[in-house]
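# Commentary on secondary and tertiary structure
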Amino acid sequence: MTTRRGFLKGAAALGLSGIGGHAIAASARIGMLALPADSRARMDLSRHVDVFIGTGGHGHTFPGATLPFGMVQLGPDTYNTTWDGCSGYHESQDSIMGFSHTHLSGTGIGDMLDFLVVPRTGEVRLHPGPPDAPDAPESGYRSRFDRADEAASPGYYRVRLKDTDILAELTATARTGLHRYRFPAGKPGHLLLDLCHGYQDNADTPTRTSEAQLRVVDERTLVGGRRVHQWARGRYLFFAMRLSRPFARAQLYADDQPLAEDARSSDGTRLKAALHYPDAGASPLLVKVGISAVSAENALANLDAELPDFDFARVHAEAVEAWERELARVRIDTGDDGQRRMFYTGLYHSLLAPTLFSDTDGRYRGMDLKVHTLPEGYHNYSTYSLWDTYRALHPLLTLVQPERVPDLVQGLVRGAAECPDGVGIWPLQGVETGTMIGYHSAVVLAEAHAKGFDGIDYAAAWPLFRKRAMDDDVHGLAWYRRLGYIPSDKVSEAASRTLEYAYDDWACAHLARAAGALDDHRALLARSRNYRHLFNPDSGFIQPRLEDGRWAEPFDPRALGHSERWHDFTESNAWQATFLNQHDLYGYMEGFGGRDGFVRKLDELFGTSSALPAGAPPDIDGMVGQYAHGNEPSHHVAYLYAYAGQPWKTQAMVRRLMREQYRDARDGLSGNEDCGQMSAWFVLSALGFYPVDPVSGHYVFGSPLFERAELDVGNGRRLRILAPGNDTRNIFVQRVRWNGEPYARNWISHADLAAGGTLEFEMGSKPNLSFGSGPEDLPPGFG
């Protein structure tokens with residue numbers, strides 16, 4: 001049982017405490033150049049983090065400065081449109097527009113990029129200019145840069161802007177960002193604040209800001225805010241900015257037209273301000289910005305509470321210490337620097353979201369877009385990529401961030417009560433985006449209950465989730481309840497929706513039992529087997545059906561759907577969807593003629609051609625046969641061999657996926673990072689286990705990557721994972737010991753791991769066919 005223990009009491013609980021100091025090791029290959037003397041801080045584990053991994057390819061990560069789960073993600077924007085610009089940064093671009101205060105990590109849809117600050121010399125430019133005009137910097141305010149002049153590490157970013165010779169450095173607290181700019185000596189300069197910058201659907205469609213406010217308070221302070229209708233339609237965000245030196249002149253702009261020179265405020269949709277410094281190069285110019293979704297006044301209060309001065313070295317040191325505290329919850333031993341870098345970068349990415357979304361006074365903007373006040377000791381969070389993160393990220397957090405889990409889960413309960421659209425699907429900054437399918441907040445809640453977390457109002461949650469499961473007529477649910485499946489001639493993505501609703505039924509059945517609603521529990525348990533209505537025994541695949549019960553034709557298991565109009569699967573095809581079942585595996589095996597038939601189908605999945613039909617989205621990537629590691633529906637599949645009594649095949653495939661799908665490079669992720677899910681898969685798999693069915697509270701063994709790992713699992717408990725002699729050849733588990741005693745099962749419970757102890761794997765170069773293969777050794781199933 002995990003208790004709240006008054007977690008997250010102010011900034012100190014976010015890791016902002018004292019710090020020792022010695023120089024950061026230089027590593028130009030990953031962009032962590034030696035920092036200036038006044039920014040040195042102890043970097044034990046964070047020096048192994050390469051924040052640039054995932055900024056190339058389709059990883060969609062960002063390299064900016066932030067704290068674990070921080071509200072501010074202060075970083076550079078190289079481009080704010082196109083799919084690969086979702087985070088605002090992509091390694092293919094060689095110029096920077098400026099530095100904004102909010103970024104998404106690895107999503108497949110763009111938004112955020114709030115409150116762009118652009119340091120410049122020369123004439124004021126109001127537009128960034130095109131990124132594909134490297135020889136024409138005068139066409140806009142963006143500036144070219146060289147990768148050799150760019151450096152980043154957890155809590156820090158810097159770059160030299162070539163066209164203006166300005167050195168920019170960034171660091172952050174939980175709710176504020178701190179900039180430091182060194183302008184060239186003897187030249188005047190200015191800062192441009194762009195309130196209409198943000199992610200755009202395309203280069204011709206501007207950021208849809210419906211209202212914005214900008215006010216000059218005094219010669220060092222500006223406040224304002226905006227409402228944006230992008231992915232999260234109608235979200236609010238406010239800011240307060242203070243500068244270390246007074247500006248000589250402030251020029252405001254509305255719709256790219258200058259206002260009167262003495263204008264000190266403006267309302268509109270396209271607002272900007274240029275703050276002029278004739279002596280810009282005389283000394284470093286520091287800029288601190290606090291944000292809030294409540295009001296500009298609250299943004300200023302956050303700024304005063306968390307960053308009362310301009311001490312860049314202190315703020316950076318405290319940011320490093322925050323990251324060191326969280327990364328140190330997992331320590332590994334390995335002689336492979338690349339694997340160490342991948343592991344700690346993966347752990348870093350796993351701690352970026354969900355993001356803090358409440359102020360120092362406990363107020364926050366809820367899912368009804370109204371302002372609420374939290375009970376004392378609680379924090380509110382946003383950025384829940386639930387379709388992705390229920391699978392591995394949230395289970396990982398229950399192990400390495402147990403004190404934070406009650407806040408994260410209670411936030412979903414609170415949001416479900418506030419939101420007009422009901423329970424959470426993909427909440428972002430007070431708005432339900434409705435993105436993706438299912439309602440997997442139910443899974444996160446049921447998992448927390450199964451693992452014994454308190455501080456969560458399960459009783460208040462059940463009526464909200466019961467309404468979605470039993471009554472709501474949205475997203476095909478009425479068809480699902482009426483027919484037992486969703487017909488593909490009525491609802492798009494029908495096959496995937498059916499399968500994911502079945503798993504949500506499984507989660508809701510557990511919530512119903514916890515609430516004492518036993519009739520609902522039995523009904524939902526039975527309904528969680530609705531996947532059977534889409535399994536075609538003749539084809540051996542999950543196959544879309546029509547309203548009249550016929551199988552949808554023509555059928556190609558590689559295709560997304562059976563017609564141009566209807567897409568039957570969500571970012572997957574029938575090959576991947578056939579193995580989406582996470583909870584009723586033993587019942588499901590009957591459709592394949594038993595365990596052996598199920599294994600043959602798994603073998604075929606991994607061994608068939610990786611060819612995809614023309615027009616397949618880039619989300620379906622990282623192919624091994626028709627297994628697609630680059631997207632989440634496949635993430636548990638390699639572990640299914642263990643349920644069929646052949647865990648050695650899980651061990652071999654998991655090692656292969658860790659080796660092939662994760663590389664120590666900017667394009668080293670095979671798909672979108674998706675707010676930590678891609679990385680959490682690697683972190684858990686490298687430790688040696690994975691939660692195929694998070695609601696069960698169990699983990700299935702794979703093949704640990706390191707000889708030793710030690711986890712702080714909370715309440716002073718330690719989990720040690722040993723695999724002596726482990727290397728690239730010895731990938732097969734021979735035997736397991738738990739706390740010194742022989743352990744024959746190929747799975748282990750969360751309760752055991754969370755209690756602490758020693759899990760020891762004996763590894764070998766050949767499979768041990770007897771380990772974990774007996775009926776009594778298999779993971780628990782349906783029930």
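Residues numbered from 1 in each chain as written. Predicted model: local features only at pLDDT ≥ 70, side-chain atom pairs only at ≥ 80, totals over all residues. Heavy atoms only, no water.

### Regarding the overall build of the chain
Helices and strands together make up the secondary structure of the chain, namely 17 helices and 38 strands. The C-alpha atoms of the chain give 26 Å as radius of gyration, which agrees with the globular expectation for 783 residues (28 Å, within 12%). Burial analysis of the chain (783 residues in total) assigns 66% to the buried set. Counting contacts in the chain only where the partners sit at least 6 residues apart, residues at least 24 apart contribute 69% of the total. Of the roughly 25,000 Å² of accessible surface on the chain, 48% is carried by carbon and sulfur atoms. (Helix = DSSP H or I, 4+ residues; strand = E, 2+ residues; numbered from the N terminus. Rg over C-alpha atoms; globule rule 2.2 N^0.38 Å. Buried < 20%, exposed > 50% of the residue type's maximum accessible area, 1.4 Å probe, protein only. Contact = heavy atoms within 4.5 Å. Areas by Shrake-Rupley, 256 points an atom, 1.4 Å probe, with all protein chains shown as cover.)

### Some points on the nonpolar core
Phe 99, Tyr 181, Leu 222, Phe 343, Phe 598, Phe 606 and Phe 689 are the most contacted members of the largest nonpolar core, which has 189 residues in total. Residue contributions to this core peak at twelve residues, all from helix α10 (residues 494-515). If we skip the residues at most four places from it in the chain, Phe 606 touches Val 624, Gly 625, Tyr 627, Val 637, Ala 638, Tyr 641 and Met 653. (Core = buried A, V, L, I, M, F, W, Y, C linked by side-chain atoms within 4.5 Å.)

### Examining empty space enclosed by the protein
For the structure on display, the rule yields 13 cavities of 30 Å³ or more. Roughly 140 Å³ of internal volume is contained in the largest cavity. Met 367, Tyr 381, Gly 411, Gly 415 and Pro 427 are, among the 19 residues lining the largest cavity, the residues nearest its centre. Put simply, the parts of the chain that give the lining of the largest cavity at least two residues each are β22 (363-365), β24 (381-382) and α6 (405-418). (1 Å grid on protein atoms, 1.4 Å probe; cavity = no way out; pocket = protein on both sides within 12 Å on 5 of 7 lines; lining within 4 Å. Points joined across faces, edges and corners; volume = space filled by probe spheres on them.)

### Regarding the packing of helix α15 (residues 647-660) against helix α16 (residues 677-687)
At their nearest, the axes of α15 and α16 sit 11 Å apart, and the two run at 135 degrees to each other. Classified by the interaxial angle, the pair formed by α15 and α16 is oblique. The element α15 and its partner α16 pack so that their crossing is left-handed. Across the interface between the two elements, Val 654, Leu 657 and Met 658 of α15 pack against Trp 681, Phe 682, Ser 685 and Ala 686 of α16. (Axes fitted to C-alpha atoms, helices over the stretch in contact; angles between N-to-C directions. Parallel < 35°, antiparallel > 145°, perpendicular 65-115°, else oblique. Left-handed = near helix turned anticlockwise from the far one by under 90°.)

### Remarks on the pairing of strand β13 (residues 221-229)
Burial analysis of β13 places eight of its nine residues in the buried class, the great majority of the element. Alignment of strand β12 (residues 209-218) against β13, held across eight bridges, turns out to be antiparallel. What sits directly across from Thr 209, in β13, is Val 228. Linkage of β12 to β13, two consecutive antiparallel strands, is achieved through a turn of two residues. With nine bridges connecting them, β13 and strand β14 (residues 233-243) associate as antiparallel partners. By the bridge assignment, Arg 226 is partnered in β14 with Leu 237. (Pairing = 2+ DSSP bridges.)

### Digging into the packing of α10 against helix α11 (residues 518-527)
At a closest axis distance of 8 Å, the pairing of α10 and α11 adopts a crossing angle of 165 degrees. Comparing the axis directions of α10 and α11 gives the class roughly antiparallel. α11 is crossed by α10, and the crossing has left-handed handedness. Here Asp 505, Trp 506, Cys 508, Ala 509, His 510, Ala 512 and Arg 513 of α10 lie close against α11, whose contacting residues are Leu 518, Asp 520, His 521, Leu 524, Leu 525 and Arg 527. Classifying every residue of the contact of α10 with α11 by side-chain character gives seven nonpolar, two polar and four charged. (Nonpolar A, V, L, I, M, F, W, Y, C, P; charged D, E, K, R; others polar.)

### Quick notes on the environment of Gly 668
Summarising the element assignment, Gly 668 is placed in the loop between α15 and α16. Excluding residues that lie within four positions of it along the chain, Gly 668 makes contacts with Gln 661, Tyr 662 and Arg 663.

### Topic: the sheet that holds strand β8 (residues 156-161)
The strand order β7-β8-β9-β10-β19-β14-β13-β12-β17 describes an open sheet built from nine strands, whose pairing is antiparallel. The open sheet has two free edges, formed respectively by β7 (150-153) and β17 (265-268), since each of these has just one partner strand. Across the sheet, the axes of successive neighbouring strands diverge by a mean angle of 15 degrees, strand direction being ignored. Sheet topology places β7 next to β8; four bridges connect them, and they run antiparallel. Bridge pairing links Ser 153 to Tyr 156 in β8. Its contacts with the sheet place helix α1 (residues 296-306) against β10 (176-182), β13, β14 and β19 (285-292), and it is angled at close to 45 degrees to β14. Of the strands in this sheet, β8, β9 (166-172), β10 and β19 touch helix α2 (residues 312-327), which is tilted by about 50 degrees from β9.

### A word on α16
Across the eleven residues that make up α16, a large majority, eleven, are buried. All of the buried residues in α16 are Gln 677, Met 678, Ser 679, Ala 680, Trp 681, Phe 682, Val 683, Leu 684, Ser 685, Ala 686 and Leu 687. Downstream of α16 by a residue or two, Gly 688 has a phi angle that is positive, lying close to 115 degrees.

### Comments concerning the environment of Asn 631
Structurally, Asn 631 is set in the loop between β30 (627-628) and α15. Looking at Asn 631, the relative accessible area reads 3%, which means it is buried. Residues Asn 631 and Ser 670 lie 39 residues apart in sequence; the distance between their C-alpha atoms is 8.4 Å. Residues in contact with Asn 631, not counting those within four places in the same chain, are Trp 387, Glu 571, Asp 619 and Asp 621.

### Structural notes on the sheet that holds strand β31 (residues 689-690)
Taken in spatial order, the three strands line up as β31-β32-β37 in an open sheet, and their pairing is antiparallel. Every interior strand has two partners, whereas the edge strands, β31 and β37 (747-749), have only one. Of the pairings in the sheet, the one linking strand β32 (residues 698-701) to β37 comprises three bridges and is antiparallel in character. Bridge pairing links His 698 to Ser 749 in β37.

### Some thoughts on the confidence of the model for the chain
Looking at the chain as a whole, its pLDDT mean stands at 93, while 94% of the residues score no less than 70. Note on residues 1-34: pLDDT under 50 across the span, and 90 contacts to partners over four residues away in sequence or across chains. For residues 36-40, every residue scores under 50 in pLDDT, and the model assigns this stretch 16 contacts once sequence neighbours within four places are set aside. (pLDDT = per-residue confidence, 0-100.)

### Focus: the layout of surface pockets
The computed volume of the largest pocket comes to approximately 400 Å³. Forming the boundary of the largest pocket are 21 residues, of which Asp 336, Gln 339, Arg 655, Leu 705 and Thr 728 lie nearest the centre. When contributions to the lining of the largest pocket are tallied by element, the ones reaching two or more residues are α3 (337-350) and α15. In terms of residue class, the lining of the largest pocket is made up of seven nonpolar, six polar and eight charged. Taken together, 21 residues form the lining of the second largest pocket, with Asn 80, Met 97, Pro 128, Gln 200 and Ala 203 sitting closest to its centre.

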